[in-house]
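What the coordinates show
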Amino acid sequence: MAVTIEDLYRSYGVLADAKDNLSQHKDAYQVILDGVKGGPKEKRLAAQFIPKFFSSFPELADSAINAQLDLCEDEDVSIRRQAIKELPRFATGENILRVADILTQLLQTDDTAEFNQVNGSLVSIFKIDAKGTLGGLFSQILQGEDIVRERAIKFLSTKLKTLSEEVMTKEVEDYVFAETKKVLEDVTGEEFVLLMRVVSGLRVLQTVNGRQQLVELVVEQAFLEQALNPADPDTVDRLLQCTRQALPLFSKNVHSTRFVTYFCEHVLPNLSALTTPVADLDIQLEVLKLLAEMSPFCGDMDKLEPNLNMLFTKLLEFMPLPPDEAENGENSASEEPKLQFSYVECLLFGFHQLGKKLPDFLLEKVDAEGLKDFKIRLQYFARGLQVYIRQLRVALQGKTGDALKTDENKMKVVALKITNNINVLIKDLFHNPPSFKSTVTLSWKPVQKSEAAAPKRPSGEEMGSGGTTKKQVSPLPRRDARQIYNPPSGKYSATIGNFTNEQRGGFRGGRGRGFGGRGNRSRGRIY
């Protein structure tokens with residue numbers, strides 16, 4: 001005989017009045033459990049009554065949890081939401097892992113209100129037992145269906161950082177790091193980015209040692225011990241993804257040496273052959289930007305001279321010789337080389353940074369003819385640079401506020417940053433002996449306050465033959481007036497915009513250690 005509303009209220013009354021003698025009324029609690037087999041009204045009441053008396057009947061714990069789970073899968077979404085809302089009340093003692101596992105599986109719902117309720121319930125049991133809750137989440141990430149795994153990882157990446165230090169203790173954070181390392185043995189590109197966001201936010205890893213551990217984690221994923229196949233777009237994309245994740249971790253104490261070395265030895269020699277799965281991405285410029293950003297944090301390098309020589313060689317490729325003069329003494333317009341300012345900024349910056357470690361490189365490691373050739377290229381590039389800087393200053397003169405916010409002027413502001421940077425670095429190399437003392441902020445990076453407040457050296461100098469200089473009186477624009485832009489095509493690269501450290505494209509390929517195509521783990525309900 002089906003349980004009625006009256007039966008449920010009667011049983012509830014018996015249990016509520018029993019006080020200290022609850023355990024003697026097992027039959028009344030069984031009636032409430034049977035309410036899950038009734039109609040919608042009976043189910044709603046059962047969803048509220050079952051957890052209220054759950055702790056008083058340990059011998060019926062499994063039956064009670066299973067009854068609540070039946071309600072969590074009911075066809076009526078309002079009943080499901082009520083049952084899910086009450087699930088945290090079952091999260092006591094040994095049950096915490098099971099409840100967390102259940103709630104994690106319930107993340108696969110497509111109903112927005114229900115999904116939000118699951119998220120809320122998971123956060124609630126985190127505050128009861130964070131480590132137990134994580135056990136359920138990581139169990140599903142490692143063994144659950146792909147949709148559950150995906151949403152569980154996203155839950156961790158968004159919710160962990162909102163929890164207090166009282167919840168996220170050192171022990172809990174150590175557990176997160178240990179379990180995340182297991183998950184990283186088989187991840188997609190998107191999962192890697194999200195998981196790195198999880199561990200990068202852990203307070204326990206905000207020390208120098210902690211950040212070094214994070215770099216080691218990225219190194220494992222980057223396969224830096226293997227040669228690069230530039231024709232495989234997914235291999236190239238994997239390297240870029242890993243480098244982007246490592247970049248924020250580098251500092252004067254956490255070095256980028258292994259990444260810089262790999263770029264010099266394996267990436268730069270194959271720069272023109274690199275492929276990418278990301279549409280409309282200037283892969284060469286993307287690589288050079290990453291190398292430039294890493295170079296200030298490079299430590300002692302075993303093969304400094306050959307790596308510096310590779311940077312020097314690649315720099316020469318983008319710094320053309322002056323065109324041959326025609327009989328009338330003028331250069332033919334069709335022979336004018338293209339000056340790729342964006343590429344040169346990156347390469348010149350990287351060369352300047354590594355050159356500090358071997359300041360005699362140009363004088364002792366480059367022969368006289370090679371040095372003469374390099375200075376001719378520098379002079380020619382510098383002359384073109386000065387023309388362009390003057391044009392940009394004239395175009396921007398007197399413009400302030402909204403006038404600088406137009407797309408065209410945004411492009412010109414950043415173009416001026418690029419050209420000014422190159423100008424400062426070229427002047428350093430024209431010193432005798434070459435100097436590596438000047439400091440510039442890469443055009444796509446925000447200026448640090450200490451740099452913004454420092455007095456600016458005049459950089460509008462024209463280089464004549466023999467390296468003589470003639471100072472310009474026009475002051476430089478503020479370098480902290482950072483703008484986002486897409487530069488025009490022409491004499492410098494058209495794609496030197498900002499890039500972020502976020503995912504640019506997925507990783508595909510065979511499953512195995514690191515990024516790969518994960519197999520379908522669909523297993524149905526495993527509560």
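Per an unreviewed UniProt entry, the protein goes by the name Apoptosis inhibitor 5 isoform X1 and belongs to Cottoperca gobio. UniProt annotates the protein under Subcellular location (unreviewed entry) with the comment "Nucleus". The Sequence similarities (unreviewed entry) field of the UniProt record for the protein holds the comment "Belongs to the API5 family."

**What about the packing of aromatic side chains?**
Within a pair of aromatic rings, the relevant descriptors are the distance that separates the centres and the angle that separates the planes. Under the definition given, this model contains 15 aromatic pairs. Aromatic pair phenylalanine 138 and tyrosine 175: ring centres 6.4 Å apart, planes at 85°, arrangement edge-to-face. Separated by 37 residues along the polypeptide, phenylalanine 138 in helix α8 (residues 130–143) and tyrosine 175 in helix α10 (residues 170–183) bring together distant segments of the chain. Ring centres 4.9 Å apart and planes at 70° place the aromatic pair phenylalanine 312 and phenylalanine 374 in the edge-to-face group. Within this pair, whereas phenylalanine 312 is found in helix α16 (residues 304–317), its partner phenylalanine 374 is found in helix α19 (residues 368–396), the two being separated by 62 residues in sequence. Under the relative-accessibility criterion, phenylalanine 312 is labelled buried at 5%. One cation-aromatic arrangement involves lysine 289 over tryptophan 444; the distance from NZ or CZ to the ring centre is 5.0 Å.

**A word on the nonpolar core**
Tyr29, Ile50 and Ile426 are the most contacted members of the largest nonpolar core, which totals 155 residues. Residue contributions to this core peak at 11 residues, all from α19.

**Some thoughts on helix α20 (residues 407–430)**
Taking 1.5 Å per residue as the helical rise, α20 with its 24 residues ought to reach 34 Å, and the 35 Å between its terminal C-alpha atoms agrees with that figure. Of all 24 residues in α20, 20 are buried, a share of seventy percent or more.

**Focus on unusual backbone geometry**
For the bond from asparagine 432 to proline 433, the omega torsion is 0°, close enough to zero to count as cis. Within the secondary structure layout, proline 433 lies in the loop between α20 and α21 (449–453). Of note in the backbone geometry, phenylalanine 223 takes a positive phi value of approximately 55° without being a glycine. As for its position among the elements, phenylalanine 223 is in the loop between α12 (208–222) and α13 (233–246). Located in the positive-phi region is aspartate 280, a residue other than glycine, with phi close to 60°. Inspection of the secondary structure assignment puts aspartate 280 in the loop between α14 (257–267) and α15 (283–294).

**Some remarks on the confidence of the model for the protein**
Here the protein averages 84 in pLDDT, and 82% of its residues register 70 or above. Confidence drops under a pLDDT of 50 for residues 325–332, and excluding neighbours within four residues, the segment shows 5 contacts in the predicted structure.

**Overview of the pattern of salt bridges**
Overall, the coordinates contain 23 salt bridges when judged by the stated rule. One salt bridge in this structure joins arginine 10 and aspartate 7, with 2.9 Å as the shortest N-O distance. Of this pair, arginine 10 and aspartate 7 both sit in helix α1 (residues 5–18), 3 residues apart, which is roughly one turn of that helix. The residue glutamate 305 makes a salt bridge to lysine 365 at a minimum N-O spacing of 3.6 Å. Within this pair, whereas glutamate 305 is found in helix α16, its partner lysine 365 is found in helix α18 (residues 361–365), the two being separated by 60 residues in sequence. Salt bridges sharing partners connect three or more residues here, namely Glu165, Glu173 and Arg203.

Thresholds, definitions, all that
- Residues numbered from 1 in each chain as written.
- Predicted model: local features only at pLDDT ≥ 70, side-chain atom pairs only at ≥ 80, totals over all residues.
- Heavy atoms only, no water.
- UniProt positions renumbered as here; feature names shortened; annotations may be inferred.
- Phe/Tyr/Trp six-rings, centres within 6.5 Å; stacked < 30°, edge-to-face > 60°.
- Helix = DSSP H or I, 4+ residues; strand = E, 2+ residues; numbered from the N terminus.
- Buried < 20%, exposed > 50% of the residue type's maximum accessible area, 1.4 Å probe, protein only.
- Lys NZ or Arg CZ within 6 Å of the ring centre and 35° of its normal.
- Core = buried A, V, L, I, M, F, W, Y, C linked by side-chain atoms within 4.5 Å.
- Expected span 1.5 Å × (residues − 1).
- pLDDT = per-residue confidence, 0-100.
- Contact = heavy atoms within 4.5 Å.
- Salt bridge = Lys/Arg side-chain N within 4 Å of Asp/Glu carboxyl O.

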